[in-house]
Amino acid sequence: MSNFPLGNIGGTPTVQSDFARPNSLTGGHRGCQGCGEALGARCAIDAAHQTTGGKILVVNATGCLEVFSCCFPENSWSVPWLHSLFGNAPAVATGVAAALRSRGQDSIRVIAQGGDGATYDIGMGCLSGMFDRNDDVLYICYDNQAYMNTGVQRSGATPPLARTATTLPNKSYLGSDPQTGKNLPEIAMAHGIPYVATASIGNIRDLEQKVSRAINIRGSRYIQIHVPCPLGWGYPTAETIRIARLAVQCGLYPLFEGEYGKLVGSTPVEEPIPVESYLRPQRRFAHLFGKNVSANAVGVLQNIANGNMEKYRLNWEILDA
Amino acid sequence: MPKPFATVLETATSLGNNTGSWRTMRPEYVNELPPCNATCPAGENVQLWLSLAMAGKFREAWEIIMRDNPFPAIMGRVCYHSCEKTCNRGLFDGAVNINMIEKSIGDIALDSGWILPRVTSSSGKKVCVVGGGPGGLAAAYFLAKLGHHITVYEAHANPGGMMRYGVPRYRLPSKIIDAEVKRIKDLGVKIVCNKKISHLKDIINDFDAVYISIGAQVASKSDTVIKKGSCVIDAMDLFQKLEDNPADLAHFGKKVFVYGGGNTAIDAARTALRLGAESVKIIYRRTINNMPAHETEISDALMEGIEILCLRTINTVDGDQILLDKMNYDEEFGILSKTGETEVWQVDNIIFAVGQTLDTTFFDGISDILISENGAIEVDRNMMTGATGVFAGGDIVPGKRSVTNAVGHAKKAAKGIDEYLGGASEVPIVKNAVAHFKKLNTIYFKKDKRTNILRPLNLSFEEILPSYTNDEISREASRCFSCGNCFHCDNCYGHCPDNAIRKQQNGSLTVNYDHCKGCGICAAECPCGAIRMVSEEK
Amino acid sequence: MFHQLEGSQAIARAVALCRPGVICAYPITPQTHIVEGVGELVRDGHLEHCEFINVESEMAALSVAIGSQAAGVRSYTATSSQGLLHMIEAVYNASGLELPLVMTLGNRAIGAPINIWNDHSDAMSVRDTGWIMLFAETNQEAVDLHLQAFLIAEKVSCPVMVCVDGFILTHAYERVDIPSQEEVDEFLPPYTPRVSLDVDDPVAIGAMVSPDYFFEVRYLAHRRQMDSLEIICCVAESFWKKFGRDSGGLFHEYHTDGAETIVVTLGSVAGTIKDVVDELNASGEKFGVIALTSYRPFPADSLKNSLKNAARAIVVEKAFAIGIGGILFQEIELLMKNINVKIVSVVAGIGGRSITKSMLRECFLNKNSGENVFLGLNEDIVAKEYVPMKSHSCEGNVP
């Protein structure tokens, strides 16, 4: 992953480096220290805002983001924003898009957003329905891989062997079971919608490009952003970006794009690292490095990473060979 | 119509929520000392002028260099550039080629005829500078800028000292020296050449202050036994002859040996080659990796066909034969010992380049001057000797000997002399902590090799090394990590989850402590280590 | 203009005349014909600028309507029974967000056991959700209530549910007067949202509210709904003036003046009851009928006023709360507390069980009946099943 700072040193400036960026999500919100989701949301919505000239309406599922950003009397949003329920954000967004179509306001773009619980689990039916109808909505999933708002319970996005409050490891149990979890970006692609992408707050330039691209495509689009959670994952608050970066570098969080059901591109990992480098700094994986744990445990995750490297063609060296 | 109560809110009403109260650590922007600046003997603000050079602001960059060093074009050619040895980028993908950028900017200044602002003030004080080498001329420069009246006495026919007589012309052309010295003359400095001051006491009463920068004049003694009739010449003598009486060297030998391992040895060897020698060998007592000479100089010499015989000392020179002792060198303990083996070579000329020592007779009759055991003049922090009003610097005082050190001494001495003459007393600057490599986040830098420049093979006395083009200057300068100082990359601003970094239209960045929760992401993601986290509880 | 129409088709035409911008459809018996009908009208071009959306669940149906209504567009959906339960979270949400959308509820029983026939269990399960709930007695009133529902909803900023008995009304063909578009346009002005998602006037809708303010939000919703009693009356009056029909309002009174016994009921069964009452009164009895239109808000004062001079009130309802009994009965009993009116609970028509005139006549004339009558219950089955069930659950001691 080629990284440059966000400003004009070494690359094109990002929206996030603009002194006049929209700040769709303003300060004073109640996100935890080092919250990856708050950053991911501001980056994504700002990019959409910038691209559309502020013509966006945002629907938000229940979850951390909703709770910390809009609690009477403090609203952190500077864009039109609607929160209905935990499991219905895609449908509500469909309704917003339908209303705009009914009024002929097709320059206004609709975004639905939620955490992985809202997206992978409780709202999955509504999301699939939205994809099925190819409704004109960009859905953004902020993926922190568990139900953080309720205290870190397992979700369908929780990686195998992770500790959550509902998968607490003990002597005979190593955390969320291997062979569990689902690949929602792939599920989204299977709907044949115009655009699917994964992104990470460890690579904001790439994230912004994907959002800017997606926001003006007509039909259903899905972007999933990896947003580490210091509290839920157990790492120092300053390391949010580093952890996100390591996830990409080790292959556990492949960054790719799909169009109409086909993989069309991926962000290569220039210098792949072993998954252990990503897992070790996180308390949710600490039990994998105890005295009596077989090396095979980490191997399960390494195999997933290796599979991603191959499937999404992340490794340039392999590609060249 | 009234909006529904509580469930519908106006935008951005959370701005009044003081989430800064959650904080236990606070981020602070720092200005740490980049290693290049920290190690520069002349105290140049390398990082600052690199940033200007990156932006294509060459004039501004030159002006910053000129604050600390009047000879960018010369220094860019002869400086030992310790800055590059400590450059943090060296631990990443190769140090920034600071020296080359300085040379190139120095040349742009000369080509563009940039001149210094005229000195308008006058202190009415007269200062004498003994020695027209880099230190003396630099002292004259700094003092003249402060409004003092300077007279420089130089023993040789031309000013420049070691710059002119210690470095061969293919590395440093005369016109460069002339041009940079002229800029100093233009400040009103009086340079009197061919005037050797033999004794300090001769002039001490004619001036308000004296700066002595006469250099180490006498060739160092080695253990080598030199029998009569041997063709031994000191490197300095060789260079001086070449400069002032080249005809003396018309019959220089074909088989030449050079003794020494510094740049002077390399210079002497390459000079011999240019004088028509067919075989030039350098004899050095330790291994090649221990040679103090620049790597590029060594590789250039090898490229030109010069041989380096390492692990040897010269035992005896007898006519056209030399007897070498083969040596052992223990790298770990730095111990050098004879192996007992010897070898004999035929020679035409042997050039000694083993250093110089101070001629202390200059100070005869001035009792307050303290001379240390190893022959250096003791000075205080203002570079003043034991004698009131007498200051000294360069090779005659303790410390490393180089053109750049001489300039550094001169700058310090000029401040000392100014203070002595009634100028404002300098508030001692508290040096910031050095920004070491581990404070950086290098993930944000792409591996990007030094901007190479072709070093053509050229066995004449014409200058070998070309300069960077303007684009190359900016490109190479852009490799600077800006260690310890914000370079406005906006990483803190863009990565703060709490919008607690404020950015103004002019790019300035500040922390909004009303919203900053103290997570530390800004500090962690700062590429240059320009933010530190400080406990709120102190 | 009069048409011979299936109830669902009549409702579909009424909805279309109200010019909704977004309609969401998800099939569930017995409401399916309604959304099919509106869909056809949209596709045939009878309804311009309307988005008809086939969704994947009732949760989505109401959620889409929430989204479109919040974006400032008049929105409609319909459901029944299990579908209503599936969307229950959104039902609360729509009223909490004060979104004036309209939903038809084709009343049906709730399982298990699964049962597709009519009763009011579904409506009763959402009686506390903050929606205005209007019950139609006939297909004509179903049509009229839909026209009124949008007006009431938008005036009050509260969603309105029009309850129509499944099959009995939704699938019955009757002669129905469908007003012209011009008439409806005069009656129902275009929707002006009180607040909406708007790029030019951004707001956040749906904030979290802490204990410091939540109580007030809820109380204000209660006050708003109680105040809507007056609006419901005004709208009915305005409707009467425009269309000449006495549809809507709080409730319809039938021969209540001087009545000794007043039968209170909801929905289509009022028609059967009126027939029975006519026959009884012809033989000298003094019966009256109150058919409640506005179930929520509950027209307590008006109802009390109408009931206070009777000796007896019989509450006939098609739902009951397991563990306590008749629901409307309890509400009326509470209302008439300290007033000397005997209140009788008659639960009938559960899961589509027929309510016949003879059953009702016998029940109404039995002045010594207990307070809780389960009318039409097959006592043989109960007797056979109840004894073994009870003995099983009483075996052994509770640990």
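Here, the structure is the one placed above.
Residues numbered from 1 in each chain as written. Chains lettered and ligands numbered in written order. Predicted model: local features only at pLDDT ≥ 70, side-chain atom pairs only at ≥ 80, totals over all residues.

### Things to note about the overall build of chain B
Regarding its fold elements, chain B presents 16 helices and 21 strands. Referenced to the eigenvectors of the C-alpha coordinate spread, the extents of chain B come out at roughly 110 × 55 × 45 Å. Every one of the 538 residues in chain B was classed for burial, and the buried ones make up 49%. Put simply, 73% of the contacts in chain B that link residues at least 6 apart link residues at least 24 apart. (Helix = DSSP H or I, 4+ residues; strand = E, 2+ residues; numbered from the N terminus. Buried ≥ 20, exposed ≤ 12 C-beta atoms within 10 Å, placed from the backbone. Contact = placed C-beta atoms within 7 Å.)

### Regarding the nonpolar core
Ranked by size, the top nonpolar core spans 394 residues in total, and within it Val96(A), Val258(B), Ile351(B) and Val162(C) carry the most contacts. Setting aside residues no more than four positions away along its own chain, Val258(B) makes contact with Ala265(B), Ala268(B), Ala269(B), Ala272(B), Val280(B), Ile282(B), Ile283(B), Ile351(B) and Ala353(B). (Core = buried A, V, L, I, M, F, W, Y, C linked by C-beta atoms within 7 Å.)

### Digging into the packing of helix H6 (residues 98-112) of chain B against helix H14 (residues 470-477) of chain B
Residues and elements named next belong to chain B. Relative orientation of the contacting elements H6 and H14 amounts to 145°, with a least axis distance of 10 Å. Every pair of crossing elements has a handedness; the one defined by H6 and H14 is left-handed. Here Ile101, Ser104 and Ile105 of H6 lie close against H14, whose contacting residues are Ile473, Glu476 and Ala477. Considering only residue class, the contact of H6 with H14 consists of four nonpolar, one polar and one charged. (Axes fitted to C-alpha atoms, helices over the stretch in contact; angles between N-to-C directions. Left-handed = near helix turned anticlockwise from the far one by under 90°. Nonpolar A, V, L, I, M, F, W, Y, C, P; charged D, E, K, R; others polar.)

### Details of the pairing of strand E1 (residues 56-60) of chain A
Residue and element names in this part refer to chain A. The buried fraction of E1 amounts to five of the five residues, a majority that puts the element mostly inside the structure. On E1, burial covers both faces: Ile56, Val58 and Asn60 on one face and Leu57 and Val59 on the other are all buried. When E1 meets strand E5 (residues 109-115), the two strands line up parallel, connected through five bridges. For Ile56, the partnering residue across the bridge sits in E5 and is Arg109. Across three bridges, E1 lies against strand E4 (residues 81-83) in parallel orientation. Following the sheet pairing, Asn60 is matched in E4 by His83. (Pairing = 2+ DSSP bridges.)

### A few points about the sheet that holds strand E18 (residues 372-374) of chain C
All names here are of chain C. Read from one edge of the open sheet, six strands run E10-E12-E11-E14-E17-E18, paired in mixed fashion. At either end of the open sheet lies a strand with only one pairing partner, and these are strand E10 (251-254) and E18. The average angle at which neighbouring strand axes cross in this sheet is 20°, direction not considered. Where E10 and strand E12 (residues 287-292) come together, four bridges link them in antiparallel fashion. Counterpart to His252 in the pairing with E12 is Ala291.

### Quick notes on the sheet that holds strand E4 (residues 75-79) of chain C
All names here are of chain C. In spatial order, the strands read E3-E2-E4-E5-E7-E6-E13; together these seven strands make up an open sheet with mixed pairing. Each of the sheet's edge strands pairs with one partner strand only, and the pair in question is strand E3 (51-54) and strand E13 (294-296). Sheet twist, expressed as the mean angle between neighbouring strand axes with direction ignored, is 20°. Inspection of the sheet shows strand E2 (residues 22-25) paired to E3 by four bridges, in the parallel sense. Within the sheet, the bridge partner assigned to Ile23 lies in E3 and is Phe52. Across the sheet, helix H3 (residues 58-70) touches E2, E3 and E4, and the angle it forms with E4 is around 165°.

### With respect to the interface of chain C and chain A
Contacts between the two partners involve 38 residues from chain C and, on the opposite side, 39 residues from chain A. Elements supplying a minimum of two residues to the side of chain C that touches chain A: E3, H3, helix H5 (88-96) and strand E9 (203-205) of chain C. Sorting elements by how many residues they give to the side of chain C that touches chain A places H3(C) first, with nine residues. Partitioned by chemical class, the residues of the side of chain C that touches chain A number 23 nonpolar, eleven polar and four charged.

### Thoughts on the pairing of strand E6 (residues 137-143) of chain A
Residues and elements named next belong to chain A. Along E6, seven of the seven residues are buried, which leaves the element largely enclosed by surrounding structure. Neither face of E6 is left uncovered, since the one carrying Val137, Tyr139, Cys141 and Asp143 and the one carrying Leu138, Ile140 and Tyr142 both have all their residues buried. The sheet contact formed by E5 and E6 spans six bridges and is parallel. Counted as the bridge partner of Ala112 is Tyr139 from E6.

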